[in-house]
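One-letter residues, chain by chain:
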Amino acid sequence: MSELKWWQRGVIYQIYPRSFQDSNGDGIGDLPGIAARLGYITALGADAVWISPIYPSPMADFGYDVANYCDIDPMFGTLAEFQQLVDHAHRLGLEVLLDFVPNHT
Ligand SMILES: [Ca+2]
């Protein structure tokens, strides 16, 4: 059992950002909202969070139609806010997974 990697034995909590937690009152969940709830997710016993697509997108398919894998859609926040989220997660001992849509095929 101890030879297994964290992703082989861990509990992964998947987050759909749009409906998870809005932090700025626009009605759309965002990265600061996720960051604000990481302690709660840790308390549930999760080892990692898996965040559904947060990349820039024309949103014809609610973010799964990714336009750029190297940035954050403004409705969810900024790259700086994403880095803050990752840093906060790591301080809590949480791993962070991002959705790579071609894996869905
Ligand atoms: Ca928002």
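Everything below is about the structure shown above.
## A look at the packing of aromatic side chains
And step 1. For the structure shown, the criterion picks out 3 aromatic pairs.
And step 2. Relative to Phe-20, the ring of Tyr-13 has its centre 6.4 Å away and its plane inclined at 80°; by these criteria the two rings are edge-to-face.
And step 3. Overall, the relative accessible area of 28% leaves Tyr-13 in the partly exposed class.
And step 4. Arranged with centres 5.0 Å apart and planes meeting at 50°, the rings of Tyr-69 and Phe-100 form a pair that is tilted. With Tyr-69 in the loop between strand E2 (48-51) and helix H4 (79-91) and Phe-100 in the segment after strand E3 (95-98), this residue pair connects regions lying 31 residues apart in the sequence.
And step 5. For Phe-100, a relative accessible area of 43% gives the class partly exposed.

## Describing the sheet that holds strand E1 (residues 12-15)
And step 1. Strand order in the open sheet formed by 3 strands is E1-E2-E3, and the pairing between neighbours is parallel. Only two strands of the sheet have a single neighbouring strand rather than two, namely E1 and E3. With direction set aside, neighbouring strand axes in the sheet form an average angle of 25°.
And step 2. Pairing analysis gives 4 bridges linking E1 to E2, with the strands arranged parallel. Residue Ile-15 lies in a different strand from E2, and its bridge partner there is Ile-51.

## Thoughts on the coordination of the calcium ion
And step 1. Around the calcium ion, the protein contributes the donor atoms Asp-22 (OD), Asn-24 (OD1), Asp-26 (OD), Ile-28 (O) and Asp-30 (OD), which lie 2.2 to 2.4 Å from the metal centre.
And step 2. Taken in chain order, the donor set of the calcium ion reads D-x1-N-x1-D-x1-I-x1-D.
And step 3. Judged by relative accessible area, Asp-30 falls into the buried class, the value being 2%.

## Some words on the side chain of Ser-57
And step 1. Within the secondary structure, Ser-57 is located in the loop between E2 and H4.
And step 2. Not counting residues within four places of it along the chain, the set of residues in contact with Ser-57 comprises Gly-63, Asp-65, Ala-67 and Asp-73.

What counts, and where the lines are drawn
Residues numbered from 1 in each chain as written. Predicted model: local features only at pLDDT ≥ 70, side-chain atom pairs only at ≥ 80, totals over all residues. Heavy atoms only, no water. Phe/Tyr/Trp six-rings, centres within 6.5 Å; stacked < 30°, edge-to-face > 60°. Buried < 20%, exposed > 50% of the residue type's maximum accessible area, 1.4 Å probe, protein only. Helix = DSSP H or I, 4+ residues; strand = E, 2+ residues; numbered from the N terminus. Pairing = 2+ DSSP bridges. Axes fitted to C-alpha atoms, helices over the stretch in contact; angles between N-to-C directions. Donors = N, O, S within 2.8 Å, 3.2 Å for Na, K, Ca; no water. Contact = heavy atoms within 4.5 Å.

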